[in-house]
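Topology and contacts: notes
Single-letter residue listing:
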Amino acid sequence: MVSQTLKSEKMHYGLDIGGTKIELAIFNSQLERVASWRLPTPQDDYQALLSTIAQMVVEADKKSNIKGTVGIGFPGYLDNQGRSVSANIASVNGQFIVKDTCAKLGRAVAFENDVKAFALSEARGGAAQSKDNALGVVVGTGFAGGLCIEGQLYKSKQNVSCEFGHVSLPAILQQRYQFPLRQCGCGLVGCVEEYLAGPGLLWMCSHFNTNYTSVPMLVKALRDNEAKAIEVMDIYIDCLGCYFAQLTLMYDPDIIVLGGGLSNIAEIYSRLPQVMQKYFFNGVIAPPVVAAMFGDSSGVRGAAILGRDNADNAAVQN
Ligand SMILES: [Zn+2]
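Residues numbered from 1 in each chain as written. Predicted model: local features only at pLDDT ≥ 70, side-chain atom pairs only at ≥ 80, totals over all residues. Heavy atoms only, no water.

If you look at the biggest cluster of nonpolar residues, it comprises 53 residues, and the most contacted ones within it are Phe 143, Phe 179, Leu 196, Met 204, Tyr 236 and Phe 244. With 13 residues, helix H8 (residues 227-251) is the single largest residue contributor to this core. If we ignore the near neighbours within four places in the chain, the residues touching Leu 196 are Val 139, Phe 143, Leu 169, Met 204, Tyr 236, Cys 239, Leu 240, Tyr 243 and Leu 262. (Core = buried A, V, L, I, M, F, W, Y, C linked by side-chain atoms within 4.5 Å. Buried < 20%, exposed > 50% of the residue type's maximum accessible area, 1.4 Å probe, protein only. Helix = DSSP H or I, 4+ residues; strand = E, 2+ residues; numbered from the N terminus. Contact = heavy atoms within 4.5 Å.)

So, on to the domain arrangement of the protein. When the parts come together, some accessible area is lost, and that loss is often what is quoted as the size of the interface. Entries for the protein in the domain assignment read domain 1 (4-113) and domain 2 (127-292). When the buried area of domain 1 at its contact with domain 2 is split by residue, Tyr 77, Asn 80 and Glu 112 rank highest and sum to 71% of it. Linking domain 1 with domain 2 are one salt bridge. Among the salt bridges present, the one from Glu 112 reaches Lys 155, with a minimum N-O distance of 2.9 Å. Summed over the shared surface of domain 1 and domain 2, the number is two residue pairs in polar contact (both at pLDDT 80 or more). Those elements that provide at least two residues to the side of domain 1 that touches domain 2 are strand S5 (77-78) and strand S7 (109-113). (Domains from an automatic or database assignment. Buried area = accessible area lost by both parts, 1.4 Å probe. Salt bridge = Lys/Arg side-chain N within 4 Å of Asp/Glu carboxyl O. Polar contact = N/O pair within 3.5 Å; in protein donor to acceptor, adjacent residues only side chain to side chain.)

All right, on to the sheet that holds strand S2 (residues 21-27) then. Within a sheet, each strand pairs with its neighbour through backbone hydrogen bonds, oriented either parallel or antiparallel. Ordered in space as S3-S2-S1-S4-S7, the five strands form an open sheet in which the pairing is mixed. Where the open sheet ends on each side, the last strands, each with one partner, are strand S3 (33-40) and S7. With strand direction ignored, the average angle separating the axes of adjacent strands in the sheet is 20°. Judged from the five bridges that link them, strand S1 (residues 12-17) and strand S4 (residues 69-74) form a sheet pairing that is parallel. Looking across to S4, one finds that His 12 is bridged to Thr 69. Running at roughly 25° to S2, helix H1 (residues 46-64) makes contact with S1, S2, S3 and S4 of the sheet. Helix H3 (residues 114-123) contacts S1, S4 and S7 of the sheet and is inclined by roughly 100° relative to S7. (Pairing = 2+ DSSP bridges. Axes fitted to C-alpha atoms, helices over the stretch in contact; angles between N-to-C directions.)

Bringing the coordination of the zinc ion into the picture now. Only His 166 (ND1), Cys 184 (SG), Cys 186 (SG) and Cys 191 (SG) from the protein reach the zinc ion as donors, at distances of 2.0 to 2.4 Å. Viewed at the metal, the four donor atoms of the zinc ion are separated by angles of 104 to 122°, and the geometry they form is tetrahedral. In terms of primary sequence, the donors binding the zinc ion are separated according to H-x17-C-x1-C-x4-C. The class for Cys 184 is buried, based on a relative accessible area of 4%. (Donors = N, O, S within 2.8 Å, 3.2 Å for Na, K, Ca; no water. Tetrahedral: all angles 85-135°; square planar, octahedral: opposite > 155°, others 65-115°.)

Another point: the pairing of S3. For S2 and S3, the ladder comprises seven bridges, and the chain directions are antiparallel. Bridging from a neighbouring strand, Lys 21 pairs with Pro 40 of S3. Where S2 hands over to S3, the hairpin turn is made up of five residues, of which Leu 31 adopts a positive phi near 60°.

Enumeration according to the criterion identifies 15 salt bridges in this entry. Here Arg 38 ties to Glu 23 by a salt bridge, and the two come within 3.7 Å at their closest N and O atoms. Of the two residues, Arg 38 sits in strand S3 while Glu 23 sits in strand S2, which places them 15 residues apart along the sequence. The salt bridge partner of Arg 83 is Asp 79, with a shortest N-O separation of 3.4 Å. Salt bridges here are not isolated pairs; linked through shared partners, they connect Glu 23, Arg 33 and Arg 38.

Printed below as a string of structure tokens:
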């Protein structure tokens, strides 16, 4: 039950469409999460996906006693014609998903890449609050980011800015560790994501002949001072530090905020600044690298902020 006092309050819904689940979280005007739930993602049927989104929003309106604003994060991007592209949810490819959801829900809907929504959430009241330039990086099943400048997401022509998981791993690392050029799911070879995302770290475990088959197993071995685990993590942190140094030379952020499964490995934060420093020319200082404040909630929170901003902008234009 939602209390009577919330009746006149504006409510903001953030949705996060994942490969297997859609989460909807209701936020109040102070961006406090008041309710959330999940439903399975209809993966192969676009109309069923739209219906599930509509069903969740109708339910949210009922719980809130008001028509809330809607922002949606998804693992993909809108091309320069406005069509959705996603490697994880095949049914949305080539669809005008913003237009279709707006029509279905009878209100303005903001759409954004889920990692960019994460970066925005951390820049607005999160770990990067009050920083002019904040780079959010999600290191989980994938490797991607978003740049916020003075609390606003950097927008670009083809919406592919910060897709730096699909840039080639630096040659200095390829050569030093004798890595093969791995085939990436995006069609390119040697992409950073294939080495530095969670599955990439597990690939390193097998490449360096260890028996660690999961990240928790590797982290436990690291904390038990197993030599093999220390060796693999040294290499991984060297690669991550080198790449973060390169990102620093490209974006020069005040702070880098980490999210995703690997952001829970505490050892990364204590070692990274020193490692990054090795890859700078004289006079450059590594920015702080910190963990996300809202963790797994940052995706829906960022989407809700985008939905709120979008509705505010629409109100100003009318
Ligand atoms: Zn790639």
